[in-house]
Amino acid sequence: MNNSTDHSQSQSLIVHDSQQTNDLTRFYLTTSDKLLEAKRIFSQGFSSYTQNHSSWEQSLKLLSDSTRLYEQILREINLDTVNLYEYIASIYNDRNQFEYTCMYLNKCISILKMNLSTSCSSTTILLVDVLRKYAQTLFNCRKFDDARRTIIEAQILLDQMTSTSTISISEDEKRTIGVLQTIEDLKAKCDLCLG
């Protein structure tokens, strides 16, 4: 009797495990489908804008739809969304809609700062580059004080990164040299405007 009870309990566990596996499989398949859809919509928006800049409103609508899908699926911090936000910011920047540009670049900065704990130099360089773009946008909005503060933040990150780097120069560090020059030029412009 005891043996048959153990057998029925083990069958119950197998059925329960099987149900959990099916639920997880269904969840991952649904998530995968949504990610593919988000990527497809992003590709449509991207190609629409690159082929015809006058269709920027339609491109932004597609990119916003893609963003909504990504944000539903990827609740945790994800660097793919940085690329999406940065591209949307570039469209707004092309249209001289700097407030929206700032909004999307700010989202990029928040995500990248949360990912800095990995102390990956490529993430730091990406953050510095986004900070540079953000500072340039602030400068274009004539927010010289904010632009200068953002530049100083980027310079501090670069200084921290170069003090821990090795003697050999990586591709990321070569890009840093160009970013540093641009940042220093922008800082000089801000200083001139602030008097």
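These notes cover the structure that comes with them. (Residues numbered from 1 in each chain as written. Predicted model: local features only at pLDDT ≥ 70, side-chain atom pairs only at ≥ 80, totals over all residues. Heavy atoms only, no water.)

1. Points about the packing of helix α2 (residues 56-73) against helix α3 (residues 79-94)
For step 1, the next point in the chain: Contact geometry for α2 and α3: axes closest at 11 Å, N-to-C directions at 160°. The angle between α2 and α3 places the two elements in the roughly antiparallel class. Handedness of the α2/α3 crossing: left-handed. For the pair α2 and α3, contact is made by Trp-56, Leu-60, Leu-63, Ser-66, Thr-67, Tyr-70 and Glu-71 and by Thr-81, Leu-84, Tyr-85, Tyr-87, Ile-88, Ile-91 and Tyr-92, respectively.
For step 2, the next point in the chain: Residue composition of the contact of α2 with α3, by class: 10 nonpolar, 3 polar and 1 charged. (Axes fitted to C-alpha atoms, helices over the stretch in contact; angles between N-to-C directions. Helix = DSSP H or I, 4+ residues; strand = E, 2+ residues; numbered from the N terminus. Parallel < 35°, antiparallel > 145°, perpendicular 65-115°, else oblique. Left-handed = near helix turned anticlockwise from the far one by under 90°. Contact = heavy atoms within 4.5 Å. Nonpolar A, V, L, I, M, F, W, Y, C, P; charged D, E, K, R; others polar.)

2. Looking at helix α4 (residues 98-114)
For step 1, the next point in the chain: For α4, built from 17 residues, the straight-helix expectation of 24 Å at 1.5 Å per residue is met to within 8% by its first-to-last C-alpha distance of 24 Å.
For step 2, the next point in the chain: Looking at α4, one finds that the buried residues are Phe-98, Thr-101, Cys-102, Tyr-104, Leu-105, Cys-108, Ile-109, Ile-111 and Leu-112. (Expected span 1.5 Å × (residues − 1). Buried < 20%, exposed > 50% of the residue type's maximum accessible area, 1.4 Å probe, protein only.)

3. Let's talk about the packing of aromatic side chains
Any aromatic ring pair is given by two values, namely how distant the centres are and how the planes are angled relative to each other.
For step 1, the next point in the chain: Evaluation of the coordinates by the stated rule reveals 4 aromatic pairs.
For step 2, the next point in the chain: Both rings, one in Tyr-85 and one in Tyr-104, keep their centres 5.9 Å apart while their planes meet at 45°; by these two values the pair is tilted. Here Tyr-85 is found in helix α3, whereas its partner Tyr-104 is found in helix α4, with 19 residues between them in sequence.
For step 3, the next point in the chain: Among the residues examined, Tyr-85 registers a relative accessible area of 6% and is labelled buried.
For step 4, the next point in the chain: Joined through ring pairs, the aromatic side chains of Tyr-85, Tyr-92, Tyr-100 and Tyr-104 make up one cluster. (Phe/Tyr/Trp six-rings, centres within 6.5 Å; stacked < 30°, edge-to-face > 60°.)

4. Observations regarding the packing of α3 against α4
For step 1, the next point in the chain: The contact between α3 and α4 brings their axes to 8 Å, and the two run at 165°. The angle between α3 and α4 places the two elements in the roughly antiparallel class. Considering the relative orientation of α3 and α4, their crossing is left-handed. Residue-level inspection shows Leu-79, Thr-81, Val-82, Tyr-85, Glu-86, Ile-88, Ala-89, Tyr-92 and Asn-93 of α3 in contact with α4, the latter providing Phe-98, Tyr-100, Thr-101, Tyr-104, Leu-105, Lys-107, Cys-108, Ile-111 and Leu-112.
For step 2, the next point in the chain: Considered class by class, the residues forming the contact of α3 with α4 number 13 nonpolar, 3 polar and 2 charged.

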